[in-house]
There are 6 protein chains.
Amino acid sequence: MRILIINPNTSVEMSKTIDSMAKKYASPGTEITTVNPQDGPEFLANAYDEALQVPKVMHLVEKNKGNYDCFIIACGADPGLEACRLITKNVIGIGEAAIMTACAVAKRVSFLSTTKETAAAVPGRLRYLGIDPSRCASIRYVGASDEIVKKRNEMLEAYCQVGRKCIEDGASALIPTCAGMSDLKEYLEKRLKVPVIAGVVSAIKIAEQLPT
Amino acid sequence: MRILIINPNTSVEMSKTIDSMAKKYASPGTEITTVNPQDGPEFLANAYDEALQVPKVMHLVEKNKGNYDCFIIACGADPGLEACRLITKNVIGIGEAAIMTACAVAKRVSFLSTTKETAAAVPGRLRYLGIDPSRCASIRYVGASDEIVKKRNEMLEAYCQVGRKCIEDGASALIPTCAGMSDLKEYLEKRLKVPVIAGVVSAIKIAEQLPT
Amino acid sequence: MRILIINPNTSVEMSKTIDSMAKKYASPGTEITTVNPQDGPEFLANAYDEALQVPKVMHLVEKNKGNYDCFIIACGADPGLEACRLITKNVIGIGEAAIMTACAVAKRVSFLSTTKETAAAVPGRLRYLGIDPSRCASIRYVGASDEIVKKRNEMLEAYCQVGRKCIEDGASALIPTCAGMSDLKEYLEKRLKVPVIAGVVSAIKIAEQLPT
Amino acid sequence: MRILIINPNTSVEMSKTIDSMAKKYASPGTEITTVNPQDGPEFLANAYDEALQVPKVMHLVEKNKGNYDCFIIACGADPGLEACRLITKNVIGIGEAAIMTACAVAKRVSFLSTTKETAAAVPGRLRYLGIDPSRCASIRYVGASDEIVKKRNEMLEAYCQVGRKCIEDGASALIPTCAGMSDLKEYLEKRLKVPVIAGVVSAIKIAEQLPT
Amino acid sequence: MRILIINPNTSVEMSKTIDSMAKKYASPGTEITTVNPQDGPEFLANAYDEALQVPKVMHLVEKNKGNYDCFIIACGADPGLEACRLITKNVIGIGEAAIMTACAVAKRVSFLSTTKETAAAVPGRLRYLGIDPSRCASIRYVGASDEIVKKRNEMLEAYCQVGRKCIEDGASALIPTCAGMSDLKEYLEKRLKVPVIAGVVSAIKIAEQLPT
Amino acid sequence: MRILIINPNTSVEMSKTIDSMAKKYASPGTEITTVNPQDGPEFLANAYDEALQVPKVMHLVEKNKGNYDCFIIACGADPGLEACRLITKNVIGIGEAAIMTACAVAKRVSFLSTTKETAAAVPGRLRYLGIDPSRCASIRYVGASDEIVKKRNEMLEAYCQVGRKCIEDGASALIPTCAGMSDLKEYLEKRLKVPVIAGVVSAIKIAEQLPT
């Protein structure tokens with residue numbers, strides 16, 4: 001199966017992280033390519049940034065639709081997912097993938113959003129997906145948009161601290177929503193002793209179940 | 001209050017219809033201007049078309065944000081609503097406006113969508129808005145995308161017929177979702193004897209309640 | 001359009017406030033008359049008071065049904081709404097009108113009820129209307145029943161304080177449920193910088209969209 | 001325990017039926033008295049009739065509150081329930097009692113309402129009570145208001161026929177909502193082979209669990 | 001009516017408490033027998049213990065199905081309820097019975113679970129039953145599994161204290177979920193002044209309404 | 001990762017099918033062993049059969065808990081899932097896994113249950129999981145319990161026919177709930193042109209994301 005991962009953020013660094021996490025968890029028969037739009041914000045901090053990138057994500061799906069069996073949109077807000085599903089049949093959003101996977105391993109899950117704005121969008125997203133709010137232990141955010149990209153290492157401790165609060169809130173699985181933080185999965189799991197669901201990984205695993 | 005209505009469809013004809021309906025129902029103190037993006041589909045037939053127009057809608061809000069007190073996005077799917085609300089404070093979507101208004105006048109409402117694709121998006125939209133599905137009597141679609149724009153008059157009878165089916169489904173108010181059909185409101189009300197909620201009108205009425 | 005507003009409270013003072021707020025926001029073609037039952041409590045403090053006034057509200061609708069195009073019940077609990085809708089076709093409750101309007105302008109809304117009892121009734125009311133509880137940031141009450149009527153000016157500061165707490169709770173629009181406080185709308189909006197949805201105004205705006 | 005059953009309908013015949021059903025299922029220590037208001041409709045056919053009787057029900061509770069340990073409102077729509085609960089502590093509605101009891105014995109239940117109007121009120125009632133619509137197999141109505149009171153015996157066969165349809169709809173328990181038909185319970189159970197939950201009986205059984 | 005109460009816990013002491021509570025509230029025509037499995041945990045502290053006892057509960061239903069008109073499973077988690085309903089027609093779980101009864105007497109109810117694990121299972125149980133979470137004021141647990149059985153008297157004060165917190169949470173009825181604590185009903189009602197719904201009693205009252 | 005798949009059915013044939021499907025989709029680093037209890041029904045046709053097997057499933061988890069990193073319960077009803085999660089940390093049910101995975105690839109999904117009884121259990125299961133019923137297009141059953149095991153090949157055409165009806169119902173992904181039919185996945189996908197989600201495969205893919 002040939003998968004094209006589209007990172008709607010323009011950070012090449014982030015695309016590399018995503019690509020290497022995806023390849024690490026993929027089956028041998030899965031070929032992964034990761035791209036990102038040329039222009040737009042390095043880091044999507046809210047619905048404004050996400051909306052701007054949607055046509056660029058759509059364009060990347062259209063341009064490549066003959067060459068891949070499945071497309072993954074690598075941003076927790078799943079920008080352009082419904083639109084892309086009208087272009088080609090197999091399109092997965094890492095946001096949906098992570099939420100659904102987490103709900104299959106834990107009674108209650110928590111979200112570690114990046115910014116206050118993306119955290120505020122989660123309840124509407126859960127309603128849209130038809131997930132009862134009582135499955136969600138808490139929605140917390142870790143930092144500001146700049147910090148996620150620029151002070152990546154300093155953020156590790158923040159993720160641990162917020163993760164611990166989420167466990168106190170009753171979560172038995174955590175979702176760091178940002179694709180760019182997906183490589184934190186194993187680090188956080190070791191520190192926090194609960195499954196940390198990285199949407200990039202979940203999306204690959206779901207993609208590998210789809211007919212080509 | 002100065003209101004800018006943004007019709008995400010590029011049909012100038014449709015913008016005129018919207019503009020005249022909005023002005024007909026507006027209060028004397030309300031100044032209305034209606035614009036549409038220069039390029040893109042004449043008629044938004046599905047989530048693909050809608051997503052393409054979102055950055056153009058956002059651009060129109062940004063360009064005009066000092067000059068208006070409120071912005072109305074005139075498409076039943078409310079494309080770009082959340083993104084635009086991050087640009088300026090008073091932004092209303094005619095989709096949300098119509099649904100909420102209809103729920104304030106009827107126990108159960110029906111949707112007269114334009115196309116099969118836009119009809120299929122309604123359940124997710126209701127969930128997102130947190131409206132219980134039992135408030136909705138039915139979701140029916142009236143025709144194909146071309147017909148709405150090109151065979152406008154031939155569509156009138158189709159709207160009546162589908163409207164009658166919705167009333168049999170248990171609806172006591174109807175929502176024709178397309179902004180371009182908002183001028184059908186009074187015609188359909190005379191024929192069908194139930195309130196027909198035109199989102200353009202509802203949005204104006206809600207805008208007039210907002211602080212400037 | 002001729003609208004009869006029925007204030008189920010017997011306070012003539014309150015009816016005057018309602019009448020002047022309604023007229024201020026109505027379109028030129030809208031004629032507004034406001035009445036209240038002759039006997040019963042000055043201020044409806046709970047479900048007991050409301051129930052007592054229902055037949056009197058119904059009587060006023062029946063007596064006037066040939067002379068008006070629409071009836072508005074001016075109490076946040078919408079006493080007698082379903083019963084009156086069986087008498088004549090166009091009946092709007094300010095409670096429903098405010099909730100639905102607020103949900104069209106804000107992700108999450110808060111209620112500023114008057115008394116503890118009316119606050120406790122809000123969750124059941126939201127369920128009845130089919131509005132998901134996650135749309136509601138908080139339900140707070142401002143004072144005791146006597147205070148609302150007798151110490152009207154002293155209550156202004158209390159409304160501001162409680163409103164500020166609601167904004168901290170996550171609300172981006174506020175609903176002061178009492179019709180008698182509807183003239184606080186603009187004062188509170190200036191102080192709190194969020195839309196304050198007055199059901200009396202919302203109901204007028206919805207009425208103006210109905211077929212006569 | 002001394003229980004006052006208040007039949008909001010004015011039919012003395014109906015009050016006798018209710019009284020004898022209640023006594024048949026009550027424990028020896030339970031003393032039952034059944035009354036009805038002097039004036040108002042013989043049979044409550046819709047929300048209009050119900051609302052008219054509410055203050056009379058309230059008056060009967062107030063007048064008798066020192067003399068009884070519990071009050072039961074004997075109409076499936078539970079008119080005045082919340083108001084009466086503000087007068088005295090133990091008040092049960094047969095509508096709530098029947099729905100909750102049926103949900104404790106069956107996966108899915110059906111309602112046999114009397115009239116089209118009372119049937120149309122059931123979905124809102126379920127939402128108000130916080131009962132998920134998927135617990136309800138169907139809501140059907142058996143006849144017109146006059147028939148229920150005047151052609152009582154002719155209605156038996158109609159109840160059986162509608163009951164059979166409900167079982168085909170997937171119900172494994174039935175609720176005939178009208179208090180006046182509560183004596184059908186055993187007849188219908190023999191014919192239809194599923195539990196038939198009579199609210200009058202359910203309310204007595206719940207009352208007997210309350211502290212006096 | 002002949003009822004067999006099956007206490008899934010193996011504590012004979014607990015079975016005696018259940019039996020005497022059931023007999024105290026039963027009608028004269030109701031014959032009650034209470035049994036428990038011979039082996040297994042004295043006290044079911046979580047889903048593990050419950051699951052172990054299910055086949056034993058099923059066996060007791062099968063062995064006795066000709067000799068009783070109704071079976072009651074006397075554990076708040078209702079272990080084996082759906083399975084037993086496939087063996088014979090009248091089977092009631094005290095968990096379901098208590099929740100439904102409490103919802104018929106109070107706007108909001110609280111659960112006094114025994115252990116942290118059983119408390120954590122309540123939200124899923126409410127969802128399964130289709131009861132909206134907003135009907136639930138709080139879910140609190142009183143102690144550890146050993147304490148419930150061995151330090152029964154010392155637990156009384158703990159129940160009062162936790163019950164008081166639940167009332168502060170907004171509950172107007174309480175459900176002590178453990179069948180073995182059902183005899184606390186009257187003691188707690190005197191102390192706390194709200195209805196305390198004992199599932200064993202509720203189940204008997206519902207059983208007495210079923211066709212034999 | 002070492003995974004033990006426990007097939008609660010006792011059919012060795014079925015265990016082989018499950019084992020080979022699981023191995024086909026597993027990553028190279030995943031070691032899979034599949035076992036089934038020695039005694040009990042060959043095919044679990046309803047909640048009765050499922051409940052009987054629960055302690056045997058629990059026993060298999062307990063016996064093997066040191067030797068495996070994750071356990072998968074291979075029956076669509078997830079018998080014993082909550083109980084086993086109290087024994088060891090990584091336990092996945094194929095029912096939950098399939099539902100969640102399907103919801104990540106399709107707006108609306110349908111269930112192809114084996115028997116009428118297992119189909120009837122799906123709505124309660126969805127409620128328990130907190131999945132809104134509007135995500136489900138339909139729940140249909142394919143045959144009788146005997147047929148599934150004994151006339152396996154004759155069932156293929158039945159699955160296709162029922163699958164086609166589900167697609168007409170609006171499903172864009174299908175879930176054949178029975179673990180024993182998981183090898184139909186690819187056959188049905190070719191015939192029906194929609195993703196067919198096999199819980200065994202979904203569970204393996206989720207397991208591979210868990211910390212060991």
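Heads up: the structure comes first, above all this text.
A. Quick peek at the sheet that holds strand β6 (residues 136-141) of chain A. Residue and element names in this part refer to chain A. One open sheet accounts for three strands, arranged β6-β5-β7; its pairing is parallel. Two strands bound the open sheet, and with one partner strand each, they are β6 and β7 (173-176). Ignoring strand direction, the axes of neighbouring strands in this sheet form an average angle of 15°. Taken together, the four bridges between strand β5 (residues 109-113) and β7 define a ladder with parallel strand orientation. Paired with V109 across the bridge in β7 is A173. The strands that helix α7 (residues 152-168) touches are β5, β6 and β7; relative to β5, the one it contacts most, it runs at about 155°.

B. The relation of the copies chain C and chain B, seen in detail. Superposing chain C onto chain B takes a rotation of 180° plus a shift of 0.0 Å along the axis, which leaves an RMSD of 0.0 Å. Expressed as a symmetry operation, the mapping of one chain copy onto the other fits a two-fold axis. Residue by residue, 100% of the interface of chain C is reproduced at the interface of chain B, so both copies engage with the same surface.

C. Highlighting the arrangement of the chains. With no contact between them, chain A and chain D keep their nearest C-alpha atoms 12 Å apart. A gap remains between chain B and chain E, which never touch, and the nearest two C-alpha atoms on either side lie 12 Å apart.

D. Expanded view of helix α4 (residues 94-103) of chain A. Counting buried positions along α4 of chain A gives ten out of ten residues, so the element sits mostly inside the fold. Listed in full, the buried residues belonging to α4 of chain A are I94, G95, E96, A97, A98, I99, M100, T101, A102 and C103 of chain A.

E. Molecular detail of the interface of chain F and chain A. On the side of chain A, 31 residues touch chain F, which itself brings 31 residues to the contact. The contact between chain F and chain A buries some 2600 Å² in all, and 57% of this surface belongs to carbon and sulfur atoms. The largest share of the area that chain F buries against chain A comes from A104, K205 and Q209 of chain F, three residues that together contribute 24% of it. Applying the counting rule to chain F against chain A returns four salt bridges. For K107 of chain A, the salt bridge identified is with E82 of chain F, shortest N-O distance 2.9 Å. For the pair chain F and chain A, the number of links is 16 residue pairs in polar contact (both at pLDDT 80 or more). Broken down by secondary-structure element, the contributors of at least two residues to the side of chain F that touches chain A are α3 (81-85), α4 (94-103), α8 (185-192) and α9 (199-207) of chain F. Classifying every residue of the side of chain F that touches chain A gives 16 nonpolar, five polar and ten charged.

F. Up close: the pattern of salt bridges. Residues and elements named next belong to chain A. Counting across every chain of the model gives 72 salt bridges over all chains. For the salt bridge of R85 with E96, the shortest nitrogen-to-oxygen distance reads 3.8 Å. One end of the pair, R85, is in helix α3 (residues 81-85); the other, E96, is in helix α4, with eleven residues separating them in the sequence. By relative accessible area, R85 is classed as buried at 18%.

G. Spotlight on the environment of S202 of chain B. Looking at where S202 of chain B falls in the secondary structure, it is placed in helix α9 (residues 199-207). With 104 residues separating them in the primary sequence, S202 of chain B and A98 of chain B have C-alpha atoms 5.8 Å apart. Discounting residues that sit within four places of it in the chain, S202 of chain B has contacts with A97, A98, T101 and I197 of chain B together with Q209 of chain C.

H. Geometry of the relation of the copies chain F and chain A. For the pair chain F and chain A, the relating rotation is 180°, the translation along its axis is 0.0 Å, and the fit reaches an RMSD of 0.0 Å. Comparing interface residues between copies, 100% of those in chain F also lie at the interface in chain A; the contact surface is shared.

I. Spotlight on the pairing of strand β3 (residues 70-73) of chain C. Residues and elements named next belong to chain C. A two-sided burial pattern is seen for β3, the buried positions comprising C70 and I72 on one face and F71 and I73 on the other. Note that strand β1 (residues 2-6) and β3 share four bridges and pair parallel. Across the sheet, residue I3 finds its bridge partner in β3, namely C70. For β3 and strand β4 (residues 91-93), the ladder comprises three bridges, and the chain directions are parallel. When the sheet's bridge partners are listed, I73 is paired in β4 with G93.

J. Molecular detail of the side chain of N46 of chain B. Residue placement: N46 of chain B occurs in the loop between β2 (31-35) and α2 (47-64). A distance of 3.0 Å separates the side chain of N46 of chain B from the backbone nitrogen of Y48 of chain B, its partner in a polar contact. At 3.1 Å, the side chain of N46 of chain B and the backbone nitrogen of D49 of chain B are in polar contact. Setting aside its immediate chain neighbours within four residues, N46 of chain B contacts L86 of chain A together with E117 and T118 of chain B.

K. The arrangement of the packing of aromatic side chains in detail. All names here are of chain B. Taken as a whole and assessed by the stated rule, the structure comprises six aromatic pairs over all chains. Where Y68 meets F71, the ring centres are 6.0 Å apart and the plane angle is 65°; that geometry is what we call edge-to-face. The exposure class assigned to F71 is buried, which follows from its relative accessible area of 1%.

L. Local environment of the interface of chain C and chain B. Taken together, the contacts link 31 residues of chain C with 31 residues of chain B. Carbon and sulfur atoms supply 57% of the area that chain C and chain B bury against each other, a total of about 2600 Å² over both sides. Contact with chain B buries area across many residues of chain C, yet A104, K205 and Q209 of chain C alone supply 24% of it, more than any other trio. Close ionic contact of K205 of chain C with E208 of chain B constitutes a salt bridge, the shortest N to O distance being 2.6 Å. Along the lines of polarity and charge, the residues of the side of chain C that touches chain B split into 16 nonpolar, five polar and ten charged.

M. Structural detail: helix α8 (residues 185-192) of chain D. Residues and elements named next belong to chain D. Among the residues making up α8, those that are buried are K185, L188, E189 and L192. One side of α8 holds all its buried residues, which, seen down the axis, span an arc of 105°. The inward-facing, buried residues of α8 abut α1 (12-25), α7 (152-168), β7 (173-176) and α9 (199-207).

N. Representation of the sheet that holds strand β4 (residues 91-93) of chain D. All names here are of chain D. Pairing is parallel in the open sheet, where four strands are placed in the order β2-β1-β3-β4. Among the strands making up the open sheet, the edge pair consists of β2 (31-35) and β4. For this sheet the average axis-to-axis angle between neighbouring strands, irrespective of direction, equals 20°. Here α1 sits on the sheet in contact with β1 (2-6) and β2, set at roughly 165° to β2.

O. The side chain of S11 of chain C, seen in detail. Residue and element names in this part refer to chain C. By the element assignment, S11 lies in the loop between β1 and α1 (12-25). Judged by its relative accessible area of 4%, S11 falls in the buried class. A distance of 3.0 Å separates a polar side-chain atom of S11 from the backbone nitrogen of M14. Beyond its immediate chain neighbours, meaning those up to four positions away, S11 contacts N36 and E42.

P. Representation of the environment of A22 of chain B. Residues and elements named next belong to chain B. Relative to the assigned elements, A22 resides in helix α1 (residues 12-25). When the C-alpha positions of A22 and T34 are compared, they lie 9.1 Å apart, and in sequence the two are twelve residues distant. Setting aside its immediate chain neighbours within four residues, A22 contacts I5, I32, V200 and I204.

Rules of the game
Residues numbered from 1 in each chain as written. Chains lettered and ligands numbered in written order. Predicted model: local features only at pLDDT ≥ 70, side-chain atom pairs only at ≥ 80, totals over all residues. Heavy atoms only, no water. Pairing = 2+ DSSP bridges. Helix = DSSP H or I, 4+ residues; strand = E, 2+ residues; numbered from the N terminus. Axes fitted to C-alpha atoms, helices over the stretch in contact; angles between N-to-C directions. Contact = heavy atoms within 4.5 Å. Least-squares fit on C-alpha atoms with pLDDT ≥ 70 in both. Buried < 20%, exposed > 50% of the residue type's maximum accessible area, 1.4 Å probe, protein only. Buried area = accessible area lost by both parts, 1.4 Å probe. Salt bridge = Lys/Arg side-chain N within 4 Å of Asp/Glu carboxyl O. Polar contact = N/O pair within 3.5 Å; in protein donor to acceptor, adjacent residues only side chain to side chain. Nonpolar A, V, L, I, M, F, W, Y, C, P; charged D, E, K, R; others polar. Phe/Tyr/Trp six-rings, centres within 6.5 Å; stacked < 30°, edge-to-face > 60°. Arc of directions from axis to C-beta.

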